[in-house]
Each structure stands twice: as C-alpha cells, then as structure tokens.
Amino acid sequence: MRTHNSETREKLTPACALQILKEGNERFRANLRANRNLLQQVNETRDGQWPFAAILSCIDSRTSAE
C-alpha cells in the first residue's frame, strides 16, 4: 500500500494514478492481500492525508460499483 504526502501527490501524473488504481483492482480481482504496516501508515499520515483519487459509487448496495 502506498501513502502519499503533498510532494509525491503533486508529482503523480494522471496515467500513474490510473495505473495505481488498476493494480489495486487486479489485486482485488485475484483475491490477493496487500502486505500493510498499519502503524507505519498511521505515522506517515499523522500530519495530514493527501488522497490522489476519489471513487464515486451508488449508495444502493444492490448495484455494483462498476
């Protein structure tokens, strides 16, 4: 899992952001777990969070996100 700060997010191109999302989707489809160090992620984001994408979905749980 990747955490971003303001500098890394500013350098992120749309193509790179899309690639990160595709990699995550492939991991999900293959039912693979990501090795995450949650304490490290908390420490890396304690001064703020810098998301690189927003995912919009329907609130209706009967509808798939795709």
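Residues numbered from 1 in each chain as written. Predicted model: local features only at pLDDT ≥ 70, side-chain atom pairs only at ≥ 80, totals over all residues. Heavy atoms only, no water.

1. Points about helix α2 (residues 14-29)
(1) Moving on: A rise of 1.5 Å per residue sets the reference length of α2, with its 16 residues, at 22 Å; its end C-alpha atoms lie 22 Å apart and thus fit the reference within 8%.
(2) Moving on: Asn31 occupies a position one or two residues after α2 and carries a positive phi of about 55 degrees. (Helix = DSSP H or I, 4+ residues; strand = E, 2+ residues; numbered from the N terminus. Expected span 1.5 Å × (residues − 1).)

2. Looking at the environment of Ile20
(1) Moving on: If you trace the backbone, Ile20 turns up in helix α2.
(2) Moving on: Along the backbone, Ile20 and Ala53 are 33 residues apart, and their C-alpha atoms lie at a distance of 10.0 Å.
(3) Moving on: When residues no more than four places from it in sequence are discounted, the contact partners of Ile20 are Arg2, His4, Leu12 and Phe52. (Contact = heavy atoms within 4.5 Å.)

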